[in-house]
Amino acid sequence: MLKFEDRSVELRSGETVLEALERAGIDAPSSCRSGTCQTCLHRAVEGVPPPESQVGLTQGQKALGFFLPCVCLPTSPLTITRPDDVGARRDAVIRAIEPLAPDVIRLRVDADDFAYRPGQFLELVADGDLRRHYSLASHPEDDPFLEMHIRLHENGRMSRRLGEFKPGDRLHVAGPSGTCFYEGVHEDQRLLLIGAGTGLAPLYGVLRDALKRGHLGPIRLYHGARSREGLYLDEELKALSRTWTHVDYRPCLLDPNAPAGGDVAATALHAEQDVKDSAIFLCGGENLVKRLKRDFFMRGVSMKNIRSDAFTPSG
Ligand code: FES
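Because the structure is a prediction, the values reported are computed rather than measured.

Let's talk about the overall build of the protein chain
- Regarding its fold elements, the protein chain presents seven helices and 16 strands.
- Rg of the C-alpha trace for the protein chain: 21 Å, near the compact-globule value of 20 Å for 315 residues, within the 12% margin.
- Overall size of the protein chain, expressed as C-alpha extent along the three principal axes, is 65 × 50 × 35 Å.
- The burial tally for the protein chain puts 49% of its 315 residues in the buried class.
- As displayed, the protein chain has an accessible area near 15,200 Å², and 48% of this comes from carbon and sulfur atoms.

Listed below in structure tokens is the structure:
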């Protein structure tokens, strides 16, 4: 049996999930129909897709139930969704809003039954139609709230709205989404975390999760900012690296006079020459993430060892 949205489809013998969806008149994208192009990617939210339908996906995608319907012959019932379906909205209550830097706030909300992996992102919904994605810095086993670090934009609608909110106010959350989390990493592997601005939020979540899971390999975290105030978790991260001797925190202030731009990407690329065996996490603006991904790939890092969360500008 296959369930998709509000439809149930009985699978015929030898029929793939893609064929069953098409027979039922459900619009499902496809191209190669042989498990290569990933055009047909879907996600199982109940049931376990067979391993042969997850070949070529990242460890993070596999852990979240993503699979390829064109080569999926299920052996047990599956409930599936489109890959970008963030699920139902949940009620959430603001627990705290506080400044982290002149243009960054920490938002903590309570939301019942919101399961996630640190480093994923959620959709925050205010006033019914105001929606933005924010990464999660909290840890579900340690924190009784969802924590986001949000850059405020002078003319941004969400920024203005958040400025009016106070603890106790209500909004909605949906998700989680994203595969930038600690999964498929060997405990002795070197971790390299690089982010700028509020790109620190998912990296902070990943770092805490790695430590909680007993990661033993060296961990190096670069956080870039334009000003000293922008290094908004500086004290916490310094304290953390004093407690955990295998954690090396490297704050990077933008130096426009330095060669190659003097940003966190330039600093990390200069310092990190031998990265072939590292698991790399990249978070921040699109250009930063794209540049680091390309350069580390050129240095021999397999794409399966690079997880990233590229922020698109939003207000
Ligand atoms: Fe290409 Fe399924 S259609 S992987």
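Concerning the nonpolar core
- Leu-191, Leu-193, Leu-207, Ile-219, Leu-221, Leu-237 and Phe-281 are the most contacted members of the largest nonpolar core, which totals 30 residues.
- Elements that contribute at least two residues to this core include exactly β6 (90–101), β12 (191–196), α4 (200–212), β13 (219–225), α5 (234–243), β14 (247–253) and β15 (279–285).
- Examining the composition of this core, we find that eight residues originate from one element, α4, more than from any other.
- Residue-level mapping places this core at the junction of two domains, with at least three residues from each of domain 2 (90–177) and domain 3 (191–311).
- Sequence-distant contacts of Leu-191, defined by excluding residues within four places in its chain, comprise Tyr-182, Val-185, Ala-210, His-215, Pro-218, Ile-219, Arg-220, Ala-279 and Phe-281.

Details of the sheet that holds strand β2 (residues 7–9)
- Pairing is mixed in the open sheet, where five strands are placed in the order β2-β1-β5-β3-β4. On the outer flanks of this sheet lie β2 and β4 (66–67), each paired with one strand and no other.
- Here strand β1 (residues 2–4) pairs with strand β5 (residues 78–81) via three bridges, running parallel. Bridge pairing links Leu-2 to Leu-78 in β5.

A few points about the state of the cysteines
- Counted according to the given criterion, the structure contains zero disulfides.
- Of all cysteine sulfurs in the structure, the one in Cys-180 sits closest to Cys-283, which takes part in no disulfide; the separation is 3.8 Å.

Things to note about the pairing of strand β3 (residues 42–46)
- Here β3 pairs with β4 via two bridges, running antiparallel. When the sheet's bridge partners are listed, Arg-43 is paired in β4 with Phe-66.

Section: the UniProt feature "domain: FAD-binding FR-type" (unreviewed entry) in the protein chain
- Feature annotation in UniProt places "domain: FAD-binding FR-type" (unreviewed entry) on residues 87–183, given in this structure's numbering.
- Within the segment residues 87–183, helix and strand shares are 8% and 46% respectively, and the terminal C-alpha atoms sit 22 Å apart.

Considerations on the environment of Cys-32
- Along the chain, the position of Cys-32 falls in the loop between α1 (17–23) and β3.
- Note: C-alpha distance between Cys-32 and Cys-70 (38 residues apart in sequence) is 8.5 Å.

Some words on the packing of aromatic side chains
- As enumerated under the stated definition, the model contains one aromatic pair in all.
- With centroids separated by 6.1 Å and ring planes inclined at 45°, the aromatic side chains of Phe-114 and Tyr-116 adopt a geometry described as tilted.
- We classify Phe-114 as buried; its relative accessible area is 8%.
- Owing to a relative accessible area of 8%, Tyr-116 belongs among the buried residues under this scheme.
- The ring of Phe-165 carries the charged tip of Arg-161 above its face, separated from the ring centre by 4.4 Å.

Remarks on the pattern of salt bridges
- For the coordinates displayed, the defined rule picks out 26 salt bridges.
- Of the charged contacts, one joins Arg-208 and Asp-143 as a salt bridge, the two residues approaching to 3.0 Å between their closest N and O atoms. Taken together, the residues span a long stretch of sequence, with Arg-208 in helix α4 and Asp-143 in the loop between β9 (130–135) and β10 (146–151) at a distance of 65 residues. The two residues Arg-208 and Asp-143 agree in class, both being buried.
- The partner of Asp-263 in a salt bridge is Arg-291, with the nearest N and O atoms 3.5 Å apart. Of the two residues, Asp-263 is situated in the loop between β14 and α6 (264–271) and Arg-291 in helix α7 (residues 286–298); the sequence distance between them amounts to 28 residues.
- Note on Asp-263: relative accessible area 22%, which makes it partly exposed.
- Within the structure, one salt-bridge network assembled from shared partners comprises Glu-98, Arg-106, Arg-108, Glu-147 and Glu-236.

About the thresholds
Residues numbered from 1 in each chain as written. Predicted model: local features only at pLDDT ≥ 70, side-chain atom pairs only at ≥ 80, totals over all residues. Heavy atoms only, no water. Helix = DSSP H or I, 4+ residues; strand = E, 2+ residues; numbered from the N terminus. Rg over C-alpha atoms; globule rule 2.2 N^0.38 Å. Buried < 20%, exposed > 50% of the residue type's maximum accessible area, 1.4 Å probe, protein only. Areas by Shrake-Rupley, 256 points an atom, 1.4 Å probe, with all protein chains shown as cover. Core = buried A, V, L, I, M, F, W, Y, C linked by side-chain atoms within 4.5 Å. Domains from an automatic or database assignment. Contact = heavy atoms within 4.5 Å. Pairing = 2+ DSSP bridges. Disulfide = S-S within 2.5 Å. UniProt positions renumbered as here; feature names shortened; annotations may be inferred. Phe/Tyr/Trp six-rings, centres within 6.5 Å; stacked < 30°, edge-to-face > 60°. Lys NZ or Arg CZ within 6 Å of the ring centre and 35° of its normal. Salt bridge = Lys/Arg side-chain N within 4 Å of Asp/Glu carboxyl O.

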